[in-house]
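Spelled out, the chains give:
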Amino acid sequence: MAVKQVNEALTDDDILSECRYQSSKASGSEYHADELIADRTNALAYYLGRPRGDEIEGGSSVISMDVADMIDSMLSQIMPTFNQDQIVQFEALSEEDEEQALTESNFCNHVFMEKNNGYILLETAIKDALLSKNATLKVMVDIQEDKEEEKYKGLSPEEMLMVLIPTKPNQVIDVKKMDEEKGDITFTRVTTKRKLKVYAVAPENFSITTSHRTPFLEDCTYCVERSYPTKSDLIEQGYDARTVMDLPPETTDTKVDSIERNQIQDEQNYLNNSPSMQNVEMEEHYIRVDRDGDGIAELLKVCSVENKLLYWEDGSPAIDEVDCIPYANGVAVLMGHRFYGLSMYDKLRQVQDVKTHFLRQWADNALAGNHCKTDLVEDMVNMEDFVNGRPNALRRVESLDAVREVPINDIGPSCQLALDYQDKIRTDRTGSALDLQANQMTMPSNVGDQGVNTLVANLERVTALMTRNLSETLIKSTFLLIHKFLRLHFPEEMSAKIGGNWSTTNPSQWMERDQLNVTIPPSPSEKIVQQVALEKMIIHSSGDLAQGKGGITTDDGQIYQMRLDHARLSGIDHPEKYLTDPNSPVS
């Protein structure tokens, strides 16, 4: 069926021009400098404790590290949530689908946690969200071809047929030369290997159209990722070698928010004299435009370097229609109706500024107290005794009236009160993660161990809210992409050892799924509360069984489930390995 034209079809140059325009206007672009870049730069400076620029010569330059301390303490509370093999569970579509949904969940969790170092990946992304407003993960399929050339001479027809049989899955035979009469043959075995990769995108390398109003990217009209691959990397990915080698090299990082992240000066430079190992600044655009002029926009992936379109080995432009945007976004503190969330820098900047001011005042006051100013009559004292700086040294004077110490007011108590008040503000704004880590929480004297655990669980709620926000945005979006990419791009069977047992599945036969639940285990204090409750339930239920109330108030199967839950709360993975199910044939 012919496409009905309602607009003019776009040329490759038209599409590249639109990408360049959108890139220049996207938030976080170095060509469209805005407060986002300034916020990210300042946040990194606050986190690293960089000089503020308001230091006074001879005065204290101490800096309060509230932003860094709070982020690191929050990470210590959030990350145990994801220190598990099963982060998500896809919902079954029917009772018959339960086993298949569990299998797909297991493989998606395995690919993320085991094949992509999921724990470190999540820690990197969550730290980005706490420090730079948002976290971004990218899901992609890495396709590699291993080529092995083989040569044979004097083969019989049967032997020639045998050597042409593929020896590995996903292997094709590319015959270069063949002489059937002499039995000579030269061919290459090309084995295709697919690997699903997930990696964290640095916030300064991801930009999005300013019109986007939700933390989810499914309907985004434009976004772009900047990366700095070598020319060798691009050629290996299948881009035209001649075009790639003519690209101008990138010798230094020019983004101020990226440079602020560096801890040594040379980190911003790309130093390599080998032409194939030179870095280039590549932009990977995802844009919705009406390419064919039918009035309906298509989602296109466009790859360019220095405003030049890249081309594939076959000469076609690197403009491809894709199924989805391969990025997942996450926020810790949600800002309603906006893509960007809030960072700990946004919430604690004023607290750190005020505490830095009072810390410096206190330090300067202590220095002045240790080195008091002195009024003296010059001709009646030995000046060397007063300027040599030696502590507790003798001072020679002709008269006691020739010297007068200038009194210094001790402002320490006032500074301490101001600092304590700012700590209270910090706790009100970002929760008690730092206070709990420092064991500074004040508990009522009449509260027992159980009550303390309950109070601490309540104090952890701000961090728990951030954990839930990250789970509902970053984690869910990432695993939906993982499931989709496995289903669409992995036609062969996969095998993995999961929970101590080997499992096999074919992702190409999976059904499309869009419902999943993120497993968020209780916090340490919540675990203790639940453990105590389960222990009491197990004791009471065992007593009921001993009194002959089995099947009335409880049974062996329910007690078995209580013990499993109690073991999981104690940090034991797969506790069913250690307990026997009373309903199993073994019992």
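Up top is the structure these notes are about.
Residues numbered from 1 in each chain as written. Predicted model: local features only at pLDDT ≥ 70, side-chain atom pairs only at ≥ 80, totals over all residues. Heavy atoms only, no water.

Draft legend 1. Local environment of the overall build of the protein. Counting its regular elements, the protein contains 17 helices and 16 strands. The globule rule puts the C-alpha radius of gyration for 587 residues at 25 Å, and the 33 Å found for the protein is more than 25% above it. Each of the three principal axes of the protein carries a C-alpha extent, and together these read 120 × 85 × 60 Å. Taking as baseline every contact in the protein between residues at least 6 positions apart, the subset at least 24 positions apart corresponds to 69%. Taken as a whole, the protein presents about 32700 Å² of accessible surface, with 49% of it coming from carbon and sulfur. (Helix = DSSP H or I, 4+ residues; strand = E, 2+ residues; numbered from the N terminus. Rg over C-alpha atoms; globule rule 2.2 N^0.38 Å. Contact = heavy atoms within 4.5 Å. Areas by Shrake-Rupley, 256 points an atom, 1.4 Å probe, with all protein chains shown as cover.)

Draft legend 2. Geometry of the pattern of salt bridges. Throughout the structure, instances matching the rule amount to 32 salt bridges. A salt bridge links D54 to R52; the nearest nitrogen and oxygen atoms lie 3.2 Å apart. Note on R52: relative accessible area 33%, which makes it partly exposed. Residue K355 is joined to D423 by a salt bridge in which the shortest nitrogen-to-oxygen separation is 2.6 Å. Of this pair, K355 sits in helix α10 (residues 344-370) while D423 is found in helix α12 (residues 412-430), placing the two residues 68 residues apart along the sequence. The same class applies to K355 as to D423, namely buried. Within the structure, one salt-bridge network assembled from shared partners comprises R52, D54, E55, D353 and R360. (Salt bridge = Lys/Arg side-chain N within 4 Å of Asp/Glu carboxyl O. Buried < 20%, exposed > 50% of the residue type's maximum accessible area, 1.4 Å probe, protein only.)

Draft legend 3. Local environment of the packing of aromatic side chains. What the rule picks out here adds up to 7 aromatic pairs. Ring geometry for Y239 against W312: centres 4.3 Å apart, planes inclined by 10°, an arrangement best described as stacked. Taken together, the residues Y239 in the loop between α7 (231-236) and α8 (241-245) and W312 in the loop between β9 (308-309) and β10 (319-321) connect sequence positions 73 residues apart. The exposure class assigned to Y239 is buried, which follows from its relative accessible area of 2%. Members of the aromatic cluster, each reached through a chain of ring pairs, are F206, Y286 and Y327. (Phe/Tyr/Trp six-rings, centres within 6.5 Å; stacked < 30°, edge-to-face > 60°.)

Draft legend 4. The arrangement of the packing of α10 against α12 in detail. Axis separation between α10 and α12 bottoms out at 10 Å; the angle between their running directions is 170°. The angle between the axes of α10 and α12 places the two elements in the roughly antiparallel class. Facing α10, whose interface residues are M344, K347, L348, Q350, V351, V354, K355, F358, L359, W362 and N365, α12 presents G412, C415, Q416, A418, L419, Q422, D423, I425, R426, R429 and T430. When grouped by side-chain class, the residues that make up the contact of α10 with α12 number 11 nonpolar, 6 polar and 5 charged. (Axes fitted to C-alpha atoms, helices over the stretch in contact; angles between N-to-C directions. Parallel < 35°, antiparallel > 145°, perpendicular 65-115°, else oblique. Nonpolar A, V, L, I, M, F, W, Y, C, P; charged D, E, K, R; others polar.)

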